Amino acid sequence: MLTIDAKNVDFYYSEFHALKNINLEVEKNKVVALIGPSGCGKSTFLRLLNRMNDLIDGTRMTGSVLIEGKDIYAPGIRVDELRKEVGMVFQKPNPFPKSIFENVAYGLRVNGISDKNFIEERVVQSIKSAALWDEVKDKLNKSAFALSGGQQQRLCIARTLAISPKVVLMDEPASALDPISTAKIEELIYELKKDYTIMIVTHNMQQASRVSDKTAYFYLGEMIEYDDTIKIFTNPKELSTQNYITGRFG
Amino acid sequence: MRHLEQEINSLRQDIIEMWRMTISQVYNAGEAILSFDKDLAMQVSMRERKIDAFELKIDSECENIIALHQPVAIDLRLVLAVLKINSNLERIADFAYGISRILLANPSLILDAELITDSKLNSMIQQVNKMLAQGLEAFETEKPQIAAAIFSEDYQVDEINANVSRKIAEYIKKNPERAYECLQLMGVFRKLERIGDHCSNIAEEIFFFTDAKILKHTDKKL
């Protein structure tokens, strides 16, 4: 079964037709990168996958998005339940004004989990999975704001992992970070795909090539090309894709 | 381990495998011609396609690493060096195949033992086998000083080759009825000499990889 299966997706911001007939399938444990110039629709598409666009007035979607076979836009779907399955990491690290430990435990607590041992085990495991453990193990009770930007972003990833999502969405997760922190996030993505299916929006084409198995190129709301990353970056089918990845346009 | 490191390690293992296959091809082709062993020549001939396929695999790995990982510094030099070493190894294996074909295309070929000794065919074969092994050792251990020895050995190979024409010409004058087999033998020497040249090219690439030194078109004084 496909982990993500978007079929004939059209999306509108009022009259503006932001996504045009997008069909995109993602297998389990794959990393998919969405690339394209600003305004091409890649972030809009990403946000459709955990219904973040629902929060914007005047938007409208047609088509369907299935996550592990379940239509996430079907009547009766609870968005809070969906977001447990489809976690999201944003461009700018957004830790809560709480301790490192409590940041990661937060998602578990709001989901009604109160078993202290379970929470502790899951927090430690998530921080380890986010490749942050060695750096924070001695200061779990310190404020998350004391961490560097790169560490904060990995903490946000740990927070997302704590609730055991099936899919992790990342919207330019390294764009606010220095090169070393960026490299750590990229290595982390490579490691995480063993356990999760990941979709990442990035403006950095080299990042897309380094971390992803498949790449989708969006332009003016259309998905121009979707293929294995190695194919996209060595011999794309479409001239438009080639022009974009070689920096000739966009 | 970083993703790129995994890819680089895998590439290293593959080029080492290509090297070992090529060494085996040259060794067997040499043994086949020295002992007129047609079965061994056939074995060399049969393995040629496997080497060609492996060359393509390594080329593709290099292309992928450059396209997906944008290697820099020593990683970039390794990938560029492997690309060229790969191409040189494939040419060397082609020459081994060519030697085996000489034997297979002339099943009744008999080379005069005295001429073989006099022309130093055995020494030439041993020399190129040694150069190939030294190249692999230099690459695996990242010790360019081992590769440096290849340059002087290539001069020795060139010297044997330079003397062969005269020796064979003299032999033909005395034994004109054996001119055809002498021409075949010349062909073997030419191929061995080219193998030596490719070993020298590989040694240059090892210096490029380890020390970022460009020795191409220089007198190789290190």
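Below, the structure is looked at part by part. The shown structure was predicted, so the numbers you read here are calculated from the model rather than taken from an experiment. (Residues numbered from 1 in each chain as written. Chains lettered and ligands numbered in written order. Predicted model: local features only at pLDDT ≥ 70, side-chain atom pairs only at ≥ 80, totals over all residues. Heavy atoms only, no water.)

### Topic: the overall build of chain A
So, point 1. The helix and strand inventory of chain A stands at ten helices and ten strands.
So, point 2. What you see for chain A is a C-alpha radius of gyration of 18 Å, in line with the 18 Å of a compact globule of 250 residues.
So, point 3. Once the C-alpha set of chain A is aligned to its principal axes, its extents read approximately 50 × 45 × 35 Å.
So, point 4. The 250 residues of chain A split such that 51% are buried.
So, point 5. Residue pairs in contact within chain A that sit at least 24 positions apart in sequence constitute 67% of those at least 6 positions apart.
So, point 6. Total accessible area on chain A stands at roughly 11400 Å², and carbon and sulfur atoms take up 48% of it.
So, point 7. The centroid of the 32 positive side-chain charges in chain A is displaced by 3 Å from the centroid of its 32 negative side-chain charges. (Helix = DSSP H or I, 4+ residues; strand = E, 2+ residues; numbered from the N terminus. Rg over C-alpha atoms; globule rule 2.2 N^0.38 Å. Buried < 20%, exposed > 50% of the residue type's maximum accessible area, 1.4 Å probe, protein only. Contact = heavy atoms within 4.5 Å. Areas by Shrake-Rupley, 256 points an atom, 1.4 Å probe, with all protein chains shown as cover. Lys, Arg positive; Asp, Glu negative; His and termini not counted. Charge placed at Lys NZ, Arg CZ, Asp CG, Glu CD.)

### Some details on the overall build of chain B
So, point 1. What chain B contains, in helices and strands, is seven helices and zero strands.
So, point 2. Its C-alpha atoms put chain B at 65 × 40 × 20 Å along the principal axes.
So, point 3. Per element, the accessible surface of chain B, about 10400 Å² overall, is 53% carbon and sulfur.

### A short note on unusual backbone geometry
Residue and element names in this part refer to chain A.
So, point 1. Phi is positive for Asn 8, which is not a glycine, with a value near 45 degrees.
So, point 2. Relative to the elements of secondary structure, Asn 8 occurs in strand E1 (residues 4-13).
So, point 3. At Ser 164, a position not held by glycine, the phi torsion is positive, near 50 degrees.
So, point 4. Following the sequence through the fold, Ser 164 ends up in the loop between helix H6 (149-162) and strand E7 (167-171).

### A few points about helix H7 (residues 179-192) of chain A
Residues and elements named next belong to chain A.
So, point 1. Compared with the 20 Å implied by 1.5 Å per residue over 14 residues, the 20 Å span of H7 between its first and last C-alpha is a close match.
So, point 2. Ser 181, Thr 182, Ile 185, Glu 186, Leu 188, Ile 189, Tyr 190 and Leu 192 are the residues of H7 that are buried.
So, point 3. N-cap assignment for H7: the residue whose side-chain oxygen lies 2.9 Å from the backbone N of Ile 180 is Asp 178. (Expected span 1.5 Å × (residues − 1). Polar contact = N/O pair within 3.5 Å; in protein donor to acceptor, adjacent residues only side chain to side chain.)

### Some details on the sheet that holds strand E10 (residues 222-228) of chain A
Strands belonging to one sheet form pairs held by backbone hydrogen bonds; the direction of such a pair is parallel or antiparallel.
All names here are of chain A.
So, point 1. Taken together, the six strands give an open sheet; going across it, the order is E6-E7-E8-E3-E9-E10, and neighbouring strands pair in mixed fashion. The open sheet has two edge strands, strand E6 (86-89) and E10, and neither has a second partner. Averaged over all neighbouring strand pairs, the angle between strand axes comes to 15 degrees, with direction disregarded.
So, point 2. Strand direction decides the pairing type here: E6 and E7, joined by four bridges, are parallel. In the strand pairing of E7, Val 86 is matched with Val 167.
So, point 3. Set on the sheet, H6 makes contact with E6 and E7; between it and E6 the angle comes to about 170 degrees.
So, point 4. The sheet strands contacting H7 are strand E3 (31-35), E7 and strand E8 (197-201), and the helix crosses E8 at an angle near 150 degrees. (Pairing = 2+ DSSP bridges. Axes fitted to C-alpha atoms, helices over the stretch in contact; angles between N-to-C directions.)

### A short note on the pattern of salt bridges
A side chain of one charge can pair with a side chain of the opposite charge when the charged atoms of the two come close.
So, point 1. All told, the structure shown has 25 salt bridges over all chains when counted by the stated rule.
So, point 2. One salt bridge in this structure joins B:Glu142 and B:Arg12, with 2.8 Å as the shortest N-O distance. Separated by 130 residues along the polypeptide, B:Glu142 in the loop between helix H5 (121-141) and helix H6 (144-174) and B:Arg12 in helix H1 (residues 3-35) bring together distant segments of the chain.
So, point 3. Assessed through its relative accessible area of 36%, B:Glu142 is described here as partly exposed.
So, point 4. Linking B:Arg20 and B:Glu140 is a salt bridge whose minimum nitrogen-to-oxygen distance equals 3.3 Å. Taken as a pair, B:Arg20 in helix H1 and B:Glu140 in helix H5 lie far apart in primary sequence, 120 residues in all.
So, point 5. For B:Arg20, a relative accessible area of 44% corresponds to the partly exposed category.
So, point 6. A single network of salt bridges, built from pairs that share partners, joins A:Glu68, A:Glu85 and A:Lys166. (Salt bridge = Lys/Arg side-chain N within 4 Å of Asp/Glu carboxyl O.)

So far we have only geometry, and geometry alone does not tell us how the molecule works.
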